[in-house]
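This is what each chain is made of:
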Amino acid sequence: MTLLKQFLNFYINSSIHVSLAVCSLTWVTLIEYEIPFDENLLFFMFFSSVTGYNFVKYYGIAKFHHRGLASWLKAIQVFSFFCFIFMLFYALKLNTKTLLYILGFGLVTFFYAIPFLPKHFFVDKKQNLRSIGGLKIYLIALVWSGVTVLTPFINNDMNLSVDVFITGFQRYLYIIVLMFPFEIRDLKFDNLKLSTIPQKIGVNKTKIIGSLILVSIFFLEFFKDEMSLKLLLVMVLINLCTLIALWFAKINQGKYYSSFWVEGIPVLWLILLLLIN
């Protein structure tokens, strides 16, 4: 049991789980728009997500405690290095437009962790994007939706229709709701000046807002020119799972509630689509 717990902790802390979520949402887009299976893109998404997330999470720790790093962090560093190498390998298999597009989000990720602007913009002395009050959740949603929805079209030289932009907006809203359980969990840790949504309006109102957003995502589907009943059914099931996860979220939640179960919902989304197809 101890070995299993250690494996699970490494699986989550090394960003494998969240990277599978990003990869799954990209694959969901491929299925929804009947884009040919793009192995190179999906592998790139996975390895770049591991690299990016671990850079953001552990940059500060590694910077100031390099010689005294705990063994688990050293293992994550080694793992991240190999993921970075694989990321470069698969990047060479993508077209130039895709790389330029993703580079923009890569820069956002870089500045999310690295100090670069004057101190008066920030709630603390870190001077990075995640320290700007109220920005974090919207920035993450922008990156996730932009990468998982539009990149498959760009890499396959396909035109972007109105339906695609509606999907992008739906995905943006969905990621915001998916982040709510994390923000509720972090209420006892976050600086009040971060101005997260639960800090500003409270836990119950956050859950109500999240519920209304999920309903909005459902109705946005009817604005598309083409709509599949099977895809709509899966979306309803995923929104229902997300709604339940949101309402069961609390400040003193279990260690793996958000980081494993909530973050695993996009993987479930992919599994359901693969089963019906």
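Refer to the structure printed above.
Here's a quick rundown of the structure.

What counts, and at which threshold
- Residues numbered from 1 in each chain as written.
- Predicted model: local features only at pLDDT ≥ 70, side-chain atom pairs only at ≥ 80, totals over all residues.
- Heavy atoms only, no water.
- Phe/Tyr/Trp six-rings, centres within 6.5 Å; stacked < 30°, edge-to-face > 60°.
- Helix = DSSP H or I, 4+ residues; strand = E, 2+ residues; numbered from the N terminus.
- Buried < 20%, exposed > 50% of the residue type's maximum accessible area, 1.4 Å probe, protein only.
- Expected span 1.5 Å × (residues − 1).
- Arc of directions from axis to C-beta.
- Axes fitted to C-alpha atoms, helices over the stretch in contact; angles between N-to-C directions.
- Parallel < 35°, antiparallel > 145°, perpendicular 65-115°, else oblique.
- Contact = heavy atoms within 4.5 Å.
- Patch = residues over 30% accessible without salt bridge, like charges linked within 9 Å, V, L, I, M, F, W, Y side chains within 5 Å.
- Areas by Shrake-Rupley, 256 points an atom, 1.4 Å probe, with all protein chains shown as cover.
- Salt bridge = Lys/Arg side-chain N within 4 Å of Asp/Glu carboxyl O.

1. Describing the packing of aromatic side chains
Note on aromatic pairs: each is described by the distance of the centres and the angle between the planes. Here the structure, examined in full by the defined rule, presents 18 aromatic pairs. Considering the side-chain rings of Tyr 174 and Trp 269, the 5.5 Å spacing of their centres and the 70° angle between planes classify their relative orientation as edge-to-face. Here Trp 269 lies in helix α12 (residues 265–276) and Tyr 174 lies in helix α7 (residues 162–185), a separation of 95 residues in the sequence. Neither Tyr 174 nor Trp 269 differs from the other in exposure class; each is buried. Ring-pair connections join several aromatic residues into one group, and the members of that group are Phe 43, Phe 46, Phe 47, Phe 86, Phe 89 and Tyr 90.

2. Here we look at helix α1 (residues 2–13)
In an α-helix there are 3.6 residues to a turn, and that puts residues three or four apart on one side. With twelve residues, α1 extends 16 Å between its outermost C-alpha atoms, agreeing within 8% with the 16 Å of an ideal straight helix rising 1.5 Å per residue. The complete set of buried residues in α1 reads Asn 9, Tyr 11 and Ile 12. Each buried residue of α1 sits inside an arc of 160° when the element is viewed along its axis, so together they form one side. Residues of α1 that are exposed and angled more than 90 degrees away from the buried face: Thr 2, Leu 3 and Phe 7. Immediately beyond the C-terminal end of α1, within one or two residues, lies Ser 15, with a positive phi of roughly 70°.

3. Concerning the packing of helix α9 (residues 203–220) against helix α10 (residues 229–248)
A pair of packed helices is characterised by two quantities: the angle between their axes and the separation of those axes. Two elements in contact, α9 and α10, have axes whose closest approach is 10 Å; the angle formed by their N-to-C orientations is 180°. Accordingly, the angle class assigned to the pair α9 and α10 is roughly antiparallel. Packed against α9, whose contacting residues are Asn 204, Lys 207, Ile 208, Gly 210, Ser 211, Leu 214, Ile 217 and Phe 218, the element α10 presents Leu 232, Met 235, Val 236, Asn 239, Thr 242, Leu 243, Leu 246 and Trp 247 at the interface.

4. Quick word on the environment of Leu 240
Within the secondary structure layout, Leu 240 lies in helix α10. For the pair Leu 240 and Leu 214, spaced 26 residues apart in sequence, the C-alpha separation works out to 8.5 Å.

5. Concerning a nonpolar patch on the surface
Nonpolar side chains collect at one region of the surface, where Val 78, Phe 81, Phe 82, Phe 84, Ile 85, Phe 86, Leu 88 and Phe 89 lie side by side and expose about 760 Å² of accessible area between them. Locating Leu 88 in the fold gives a position in helix α4 (residues 71–91).

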